[in-house]
Amino acid sequence: MELKNLIAHGDEVEVYEYEGKAVKVFLNPEKKEKCLYEALTQARVETTLVNSWLKMPKVQEVSVLPDGRWAITMDLIKGKTMYELMKEDPSKVDLYIDKMVEIQMELHSQYMPLLSKLKDKMARQIKSLGVIDEIKKYELLTRLDSMPKHIKLCHGNFSPKNIIINDEGTYVLDWVAARQGNASADVARTYLLLCLEYPEIAEKYMDKFCMASGTSKRYVQAWLPIVAAAQLIKNKPEEKDLLMKWIDVVEYD
Ligand SMILES: Nc1ncnc2c1ncn2[C@@H]1O[C@H](COP(=O)(O)OP(=O)(O)O)[C@@H](O)[C@H]1O
Ligand SMILES: [Mg+2]
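This section reports on the structure supplied with the text.

Rules and cut-offs
- Residues numbered from 1 in each chain as written.
- Chains lettered and ligands numbered in written order.
- Predicted model: local features only at pLDDT ≥ 70, side-chain atom pairs only at ≥ 80, totals over all residues.
- Heavy atoms only, no water.
- Helix = DSSP H or I, 4+ residues; strand = E, 2+ residues; numbered from the N terminus.
- Rg over C-alpha atoms; globule rule 2.2 N^0.38 Å.
- Contact = heavy atoms within 4.5 Å.
- Areas by Shrake-Rupley, 256 points an atom, 1.4 Å probe, with all protein chains shown as cover.
- Lys, Arg positive; Asp, Glu negative; His and termini not counted.
- Charge placed at Lys NZ, Arg CZ, Asp CG, Glu CD.
- Salt bridge = Lys/Arg side-chain N within 4 Å of Asp/Glu carboxyl O.
- Buried < 20%, exposed > 50% of the residue type's maximum accessible area, 1.4 Å probe, protein only.
- Donors = N, O, S within 2.8 Å, 3.2 Å for Na, K, Ca; no water.
- Pairing = 2+ DSSP bridges.
- Axes fitted to C-alpha atoms, helices over the stretch in contact; angles between N-to-C directions.
- Left-handed = near helix turned anticlockwise from the far one by under 90°.
- Nonpolar A, V, L, I, M, F, W, Y, C, P; charged D, E, K, R; others polar.

1. Some thoughts on the overall build of the protein chain
For step 1, the next point in the chain: When you go through the protein chain residue by residue, the secondary structure sums to 10 helices and nine strands.
For step 2, the next point in the chain: Over its C-alpha atoms the protein chain spans a radius of gyration of 18 Å, differing by no more than 12% from the 18 Å that the globule rule assigns to 253 residues.
For step 3, the next point in the chain: A fraction of 66% describes how many contacts in the protein chain between residues 6 or more apart in sequence connect residues 24 or more apart.
For step 4, the next point in the chain: Total accessible area on the protein chain is roughly 12,800 Å²; 52% of this is exposed by carbon and sulfur atoms.
For step 5, the next point in the chain: Here the protein chain contributes 36 positive and 39 negative side-chain charges, whose respective centroids are spaced 4 Å apart.

Below, the structure written as structure tokens:
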């Protein structure tokens, strides 16, 4: 497999077009477990989304490249991401946010008892943090434990960069972080991602989601210190100030 046509890259992956398919290559050859976990999670979500109008690329193959890197071959989804479209034509941003909300609510209407639990993942991440003290950790874990347990499909990285809408339908990509859990946690996570990658629209997204779904904003905000702490695990210096600030907020106005 000679990969030449790079179509996108993330922090840890490169995505190539190859023989009409997309090949997501994990740059670090040690990422075997992550690659296999992502492929399994994606395959599990596929079986659930067959009943939905939402689409996703289907896993076609998992392989090891000659240089030792792991890769997932999947359907190639043509078109620009919603993020690219928003940046190109800011006058349509409102329409795109409405669409994002509609897609995310459709995801949350799916039940996913087969996926592992979002709460378990967040607890594990918070416990392993070195940058916050034990008292703060205990406070965050107690808060997490008190949150209602749900089994809804949570994408875990739901952001405009992971959505492509083309003539064939509405596609959601990038399923590595998908878990079963509480929809408000997933919305708090999206709000955090937007604050980091597209801050101008974060507030509007949160308002529109709460309005459309009848969710109280306070309920979503209660998750913010938790999702912020969980994101600290990525160890990105440019995010640290914002995340530490969120962790310390007990009540939002
Ligand atoms: N199946 C696919 N078809 C077309 N483009 C894709 C596909 N999978 C990923 N991409 C492109 O690659 C980018 C990064 O892939 P993604 O799975 O989101 O990885 P990351 O974990 O780095 O966000 C996406 O934002 C999208 O632009
Ligand atoms: Mg992505």
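More follows now that the structure is in view.
2. Digging into the pattern of salt bridges
For step 1, the next point in the chain: Under the definition given, this model contains 20 salt bridges.
For step 2, the next point in the chain: E134 is the partner of K137 in a salt bridge, and the nearest nitrogen-oxygen pair spans 3.4 Å. Of the two residues, K137 and E134 are both situated in helix α5 (residues 134-146); the distance of three residues between them amounts to about one turn of the helix.
For step 3, the next point in the chain: In this structure K137 comes out as buried when scored by relative accessible area, which is 7%.
For step 4, the next point in the chain: Linking E203 and K217 is a salt bridge whose minimum nitrogen-to-oxygen distance equals 3.8 Å. Taken as a pair, E203 in helix α7 (residues 202-213) and K217 in helix α8 (residues 217-221) lie far apart in primary sequence, 14 residues in all.
For step 5, the next point in the chain: For E203, a relative accessible area of 39% corresponds to the partly exposed category.
For step 6, the next point in the chain: A relative accessible area of 29% places K217 in the partly exposed class.
For step 7, the next point in the chain: Salt bridges sharing common partners tie together D94, D98, K204 and K208.

3. Observations regarding the coordination of the magnesium ion (ligand 2)
For step 1, the next point in the chain: The protein atoms donating to the magnesium ion (ligand 2) are N162 (OD1) and D174 (OD), with metal-donor distances spanning 2.1 to 2.2 Å. Note that N162 is positioned in the loop between β6 (152-154) and β7 (163-166) and D174 in the loop between β8 (169-172) and β9 (179-181), a separation of 12 residues in sequence.
For step 2, the next point in the chain: In this structure N162 comes out as buried when scored by relative accessible area, which is 11%.
For step 3, the next point in the chain: Taking relative accessible area as the criterion, D174 reaches 23% and is therefore assigned partly exposed.

4. Some remarks on the sheet that holds strand β4 (residues 59-64)
Through backbone hydrogen bonds, the strands of a sheet pair up, either in parallel or in antiparallel fashion.
For step 1, the next point in the chain: Read across the open sheet, the five strands follow the order β1-β2-β3-β5-β4; overall the sheet is antiparallel. Sheet topology places β1 (5-9) and β4 at the edges, where each strand pairs with a single neighbour. When strand polarity is set aside, the average angle formed by the axes of neighbouring strands in this sheet is 25°.
For step 2, the next point in the chain: Across five bridges, the pairing between strand β3 (residues 21-26) and strand β5 (residues 70-75) is antiparallel. Residue pairing across strands places A22 opposite M74, the latter belonging to β5.
For step 3, the next point in the chain: Relative to β5, helix α1 (residues 32-49) is tilted by about 20°, and along the sheet it contacts β3, β4 and β5.

5. Observations concerning the packing of helix α9 (residues 224-231) against helix α10 (residues 240-248)
For step 1, the next point in the chain: Taken N-terminus to C-terminus, the directions of α9 and α10 make an angle of 145°; their axes are 8 Å apart at the nearest point. Our pair here, α9 against α10, has a crossing hand that is left-handed. Judged by residue contacts, L224, P225, A228, A229 and Q231 of α9 engage L243, W246 and I247 from α10.
For step 2, the next point in the chain: Of the residues assigned to the contact of α9 with α10, the class counts are seven nonpolar, one polar and no charged.

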